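Now for the letters of each chain:
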Amino acid sequence: MSDRILVGTRKGTFLVTRNSGRWTPRLAGHGGAGVNFAARDPHTGTLWALLGHGHWGAKLSRSVDDGVTWTDAPQVKYPEGARHYLPPPPTDTGEGEGAPVLKPATLLKLWCLSFGQPGRMYIGTIPGGLFVSDDGGESFALNRGLWDHESRGGDLFAGEGNGTTKWFGTPAAEGEFSPGLHSIVVDPRDPQRVLVAISTAGVFETTDGGTTWRTRNQGLLMDYSPNPGEEWAGHDPHAIELCPGQPDHVWQQNHCGVFASRDGAATWKRVSSPDDGVHFGFPVAVDAEDGNTAWVVPGVSDAKRMAIDGSLFVARTEDGGATWQPLRKGLPQQNAYDVVYRHGLHNAGDRLAFGSTTGNLYVSEDRGDSWTAAAQNLPPIYSVRFA
Amino acid sequence: MPTVQLTSHLHEFFGNLRGTTTVEGATVREVIDALEAMAPGFAFYVCDEVGRLRQHVLIYVDGVRTRDRATLGDAVQPGSQVLIVQALSGG
């Protein structure tokens, strides 16, 4: 188990370290800047942070001295000629009219980071891009297989493709109705097989290292759509994770409930239990060995993104979602309005940690049975990763 | 040659551009390119990938806000003073 947690917040990167049984936070860098995600490269030890400067745009930052100093890394940029379909611009009446319009793609947000085999890194962005590095982060290239996917209009570098997109957008795009790639999981059996999840497009899989991609949305349900089971359009996974020890077990906290797959995301089954409060939320964590054990942090609903009845709890299933246990010991049970974002929950062995928009970081040493506050009064927390 | 001053916010990232910087340039674009040569990475702080001024950045030439945010074609005279600041947008 790791004794250190890397925390990305609205106002900087924090390291929270356990010494003599006590967790202590410290600001490790980027004070004042938004940090959407921070993680440690397990191969090199380099710390990476995905920044969102309010005025100066998204920037990639790294530390090779364990968080003592940080420098701008080579930046992620959409290549010249990258375009995407967006809704038509508002008219004088405030409503867009007509067909989607092609616009140049520029980086709005660096949203998630994942590591593959040594030297390979993945970054998910808004608008809906997957950037790949094969030189340890010295350079990143837009993955064209996914960017040019038929569901998004096809190859738009050269022409107008098929003229439309099935992808929707996310409010996280900060002003533009664009999709966001927020989850990247690499199959530990085969690094050529990668799953990504996009709000709002759904889950995509490659088995050839990113050359080709196919949708993996069968069984997902869009309760907000007249065609809830449609394979291509507008699915809203909030986060996906797989079980490293049983990689065919994949879990998803979706806008429309918790879904589980036992066949590597080929098919999904909704395993929410609204009567237990388990339905809406953002993050999901999966046990490293047991693919039937997962954790979520429920909220009320999409219309009320807040803890249920002012009472914060984590829900755990150990039977693939057939039943859920509320885990409340040590968590505030009244006047709590914490929301946990999609990258705000992580596990390592029996230890779990989650951080909330209210700046609270809670840690469990016993698989969620009980919790202690590792840090409070932090800025709103965007990501939590053992490091 | 025109002189450039930056918001102190940018000094945090580009310490060598503190104070008044003198650069070559007859347009705002050329001034940005000159600053990029002095401080690699600078241009991507004030412009996006396609060269447009970021939404929350303003540039003034001799006290007048520039008009061309897409290609940065506003003229800069040899004696001009260029000011690059964040656009206050509340919050």
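Residues numbered from 1 in each chain as written. Chains lettered and ligands numbered in written order. Predicted model: local features only at pLDDT ≥ 70, side-chain atom pairs only at ≥ 80, totals over all residues. Heavy atoms only, no water.

1. Describing the overall build of chain A
Within chain A, the secondary structure is distributed over one helix and 30 strands. Taking 387 residues into account, the globule formula puts the C-alpha radius of gyration at 21 Å, and chain A, at 20 Å, falls close to it. Overall size of chain A, expressed as C-alpha extent along the three principal axes, is 60 × 50 × 50 Å. Sorting the 387 residues of chain A into buried and exposed places 58% on the buried side. (Helix = DSSP H or I, 4+ residues; strand = E, 2+ residues; numbered from the N terminus. Rg over C-alpha atoms; globule rule 2.2 N^0.38 Å. Buried < 20%, exposed > 50% of the residue type's maximum accessible area, 1.4 Å probe, protein only.)

2. Here we look at the pattern of salt bridges
Two side chains that carry opposite charge are able to pair once their charged atoms sit near each other. All names here are of chain A. Applying the stated rule across the entire model yields 23 salt bridges over all chains. When the shortest N-O distance is used, the salt bridge between arginine 189 and aspartate 187 registers 2.8 Å. Residue classification places aspartate 187 among the buried positions, given a relative accessible area of 3%. Glutamate 318 serves as the salt-bridge partner of arginine 316, at 3.8 Å between the closest nitrogen and oxygen. (Salt bridge = Lys/Arg side-chain N within 4 Å of Asp/Glu carboxyl O.)

3. With respect to the packing of aromatic side chains
Per the stated rule, a full pass over the model turns up twelve aromatic pairs over all chains. Taken together, a centroid distance of 5.0 Å and an interplanar angle of 90° make the contact between A:Tyr78 and A:Phe131 edge-to-face. Here the residue A:Tyr78 occupies a position in the loop between strand 7 (71-72) and strand 8 (83-86), and A:Phe131 occupies one in strand 12 (residues 129-133), the gap between them amounting to 53 residues. Of the two residues examined, A:Tyr78 and A:Phe131, each falls in the buried class. By way of ring pairs, the aromatic residues A:Phe280, A:Phe282, A:Tyr341 and A:Tyr382 are connected into one cluster. Lying across the ring of A:Trp147, A:Arg152 places its NZ or CZ 4.1 Å from the centre. A cation sits over an aromatic face here: B:Arg54 above B:Phe44, 4.8 Å from the ring centre. (Phe/Tyr/Trp six-rings, centres within 6.5 Å; stacked < 30°, edge-to-face > 60°. Lys NZ or Arg CZ within 6 Å of the ring centre and 35° of its normal.)

4. Let's talk about the layout of surface pockets
Rolled over the atoms, a probe with the dimensions of a water molecule shows which regions are left empty. Residues and elements named next belong to chain A. Taken as a whole, the second largest pocket holds about 1000 Å³ of empty space. In terms of lining, the second largest pocket is formed by 37 residues, of which the most central are Ser114, Ile184, Glu241, His346 and Arg385. Tallying contributions element by element places strand 14 (residues 180-186) first for the lining of the second largest pocket, with five residues. A breakdown of the residues in the lining of the second largest pocket according to their chemical character gives 22 nonpolar, nine polar and six charged. (1 Å grid on protein atoms, 1.4 Å probe; cavity = no way out; pocket = protein on both sides within 12 Å on 5 of 7 lines; lining within 4 Å. Points joined across faces, edges and corners; volume = space filled by probe spheres on them. Nonpolar A, V, L, I, M, F, W, Y, C, P; charged D, E, K, R; others polar.)

5. Regarding the pairing of strand 27 (residues 351-355) of chain A
Residue and element names in this part refer to chain A. Of all five residues making up strand 27, five are buried, and the element is well covered by its neighbours. Here strand 27 shows no split at all, with Arg351, Ala353 and Gly355 on one side and Leu352 and Phe354 on the other all buried. Note: strand 26 (residues 345-348) against strand 27, four bridges, orientation antiparallel. The residue bridging histidine 346 from the neighbouring strand is alanine 353, located in strand 27. A loop of two residues connects strand 26 with strand 27, the two strands running antiparallel in sequence, and glycine 349 in this loop sits at a positive phi of about 65°. Looking at chain direction, strand 27 and strand 28 (residues 361-364) are connected through four bridges and run antiparallel. (Pairing = 2+ DSSP bridges.)

6. Section: empty space enclosed by the protein
Residue and element names in this part refer to chain A. Enumeration over the complete set of coordinates arrives at two cavities of 30 Å³ or more. The volume enclosed by the largest cavity comes to roughly 80 Å³. At the level of elements, strand 22 (280-286) and strand 23 (294-299) are the ones that each hand at least two residues to the lining of the largest cavity. Of the residues belonging to the lining of the largest cavity, the class tally is eight nonpolar, two polar and two charged. Taken as a whole, the second largest cavity encloses approximately 30 Å³ of empty space. Taken together, Arg120, Tyr122, Leu130, Val132, Asn143, Val194, Thr206, Gly209, Gly210 and Trp213 make up the full set of residues lining the second largest cavity. Here the residues of the lining of the second largest cavity are counted per class, giving five nonpolar, four polar and one charged.

7. Here's the deal with helix 2 (residues 28-38) of chain B
All names here are of chain B. Looking at helix 2, one finds that the buried residues are Val28, Val31, Ile32, Ala34 and Leu35. Relative to the axis of helix 2, the buried residues are bounded by an arc of 160° and lie together on one face. Those residues of helix 2 that are buried are in contact with strand 1 (3-6), strand 2 (21-22), helix 3 (43-46), strand 3 (57-61) and strand 5 (81-86). (Arc of directions from axis to C-beta. Contact = heavy atoms within 4.5 Å.)

8. A short note on the nonpolar core
Core analysis: the largest hydrophobic core is formed by 37 residues, its most contacted members being A:Leu60, A:Leu113, A:Ile123, A:Leu130, A:Leu146 and A:Val196. Looking at this core, the element that brings in the most residues is strand 10 (residues 109-115) of chain A, giving four residues. Non-local contacts of A:Leu130, meaning those with residues more than four positions away in its chain, are made with A:Tyr122, A:Ile123, A:Ala141, A:Leu142, A:Asn143, A:Leu146, A:Leu181, A:Ile184, A:Val196 and A:Trp213. B:Leu17, B:Val31, B:Cys47 and B:Val76 belong to the second largest nonpolar core, which has 26 residues in total. (Core = buried A, V, L, I, M, F, W, Y, C linked by side-chain atoms within 4.5 Å.)

9. Observations regarding unusual backbone geometry
Residue and element names in this part refer to chain A. That bond from isoleucine 126 to proline 127 is cis: its omega, 10°, falls within 30 degrees of zero. With respect to the helices and strands, the residue proline 127 is situated in the loop between strand 11 (121-126) and strand 12. In this structure, threonine 200 follows serine 199 across a cis peptide bond, with omega equal to 0°. Tracing the backbone through its elements, the reader meets threonine 200 in the loop between strand 15 (194-199) and strand 16 (202-206). If you check the backbone angles, serine 20 has positive phi at about 50° while not being a glycine. Summarising the element assignment, serine 20 is placed in the loop between strand 2 (12-19) and strand 3 (22-29). Judged by relative accessible area, serine 20 falls into the exposed class, the value being 86%. Despite not being glycine, histidine 30 has its phi angle at roughly 65°, a positive value. Note on placement: histidine 30 falls in the loop between strand 3 and strand 4 (34-40). Residue classification places histidine 30 among the buried positions, given a relative accessible area of 15%.

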